[in-house]
Amino acid sequence: MDNELLRLRRFALTLGMVLWVYSLAGATFGEYAQVPFLGVNLKLTRPAVVEWGLVLVCLYGAARYAYHALVKSLTPWKARRLLEVGAFGPMPIPPGSHSPEIREIASRYVPGMEDQVSVVNRLTQDYGCIGVSGGGKYPPMVWFWIWLDALDYTAPIWVNLLAILAFLALRPFLPSPPSISLPPL
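Attention in this report is confined to the structure presented alongside it. All of these numbers come straight from a predicted model, not from anything done at the bench.

## Focus on the pattern of salt bridges
Moving on, step 1. Going through the model one piece at a time under the given rule, you end up with 5 salt bridges.
Moving on, step 2. A salt bridge links Arg7 to Glu4, with the shortest nitrogen-to-oxygen separation between them at 2.9 Å. Of the two residues, Arg7 and Glu4 are both situated in helix H1 (residues 3-24); the distance of 3 residues between them amounts to about one turn of the helix.
Moving on, step 3. The exposure class of Arg7 is partly exposed, given its relative accessible area of 49%.

## Overview of the packing of aromatic side chains
Moving on, step 1. Per the counting criterion, the structure on display carries 4 aromatic pairs.
Moving on, step 2. Seen from their ring centres, Trp77 and Tyr153 are 5.7 Å apart, and the 90 degrees between their planes marks the pair as edge-to-face. In this pair, Trp77 sits in helix H3 (residues 76-84) while Tyr153 sits in helix H5 (residues 140-153), placing the two residues 76 residues apart along the sequence.
Moving on, step 3. Connected via pairs of aromatic rings, a cluster forms that spans Tyr65, Trp77 and Tyr153.

## Some thoughts on a nonpolar patch on the surface
Moving on, step 1. A contiguous nonpolar surface patch, about 860 Å² in accessible area, is contributed by Met141, Phe144, Trp145, Trp147, Leu148, Leu151, Trp158, Leu162 and Leu165.
Moving on, step 2. With 6 residues, H5 is the largest single contributor of residues to the nonpolar patch.
Moving on, step 3. With respect to the helices, strands and loops of the structure, Leu148 is situated in helix H5.
Moving on, step 4. Take Leu148: its relative accessible area is 31%, and that puts it in the partly exposed class.

Basis of the calculations
Residues numbered from 1 in each chain as written. Predicted model: local features only at pLDDT ≥ 70, side-chain atom pairs only at ≥ 80, totals over all residues. Heavy atoms only, no water. Salt bridge = Lys/Arg side-chain N within 4 Å of Asp/Glu carboxyl O. Helix = DSSP H or I, 4+ residues; strand = E, 2+ residues; numbered from the N terminus. Buried < 20%, exposed > 50% of the residue type's maximum accessible area, 1.4 Å probe, protein only. Phe/Tyr/Trp six-rings, centres within 6.5 Å; stacked < 30°, edge-to-face > 60°. Patch = residues over 30% accessible without salt bridge, like charges linked within 9 Å, V, L, I, M, F, W, Y side chains within 5 Å. Areas by Shrake-Rupley, 256 points an atom, 1.4 Å probe, with all protein chains shown as cover.

Structure (structure tokens):
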């Protein structure tokens, strides 16, 4: 993952966890909450705007990560598909077909299959495509790691969606009317 994608991932996961904890803890702002800001106490007369703002920022973070991670980047499942057909690359290939760089790619996308990855198609002396032998027919433990990798890669999306659903399920949409107690006659 590149640095930009890691920043988006961290941003989306942090916001999702903040909203998740905020919702599950039942936290609320008081009717007239005060927030110290630059030495001045700001009174929030509509604290629901802050809560819904957090929801919108979570939705924005999840959508932005989804766009950059799923649309603009090479996803792990796309990389595995390319490895299965021997079309991962073209990339700089060292002279040996079982170099540490190739094993590193295999350990990232198909953990446990490092010995089955090799140079499949050498385009030039220095560039080629790599593939994994027996691609798609992985042992159960490799399938487990592949599934766990996909779950982790998409975590910023589903954590935010679950946090938003928790917020919607645990919050009333309209504030309750103020209770008025009348003195006895």
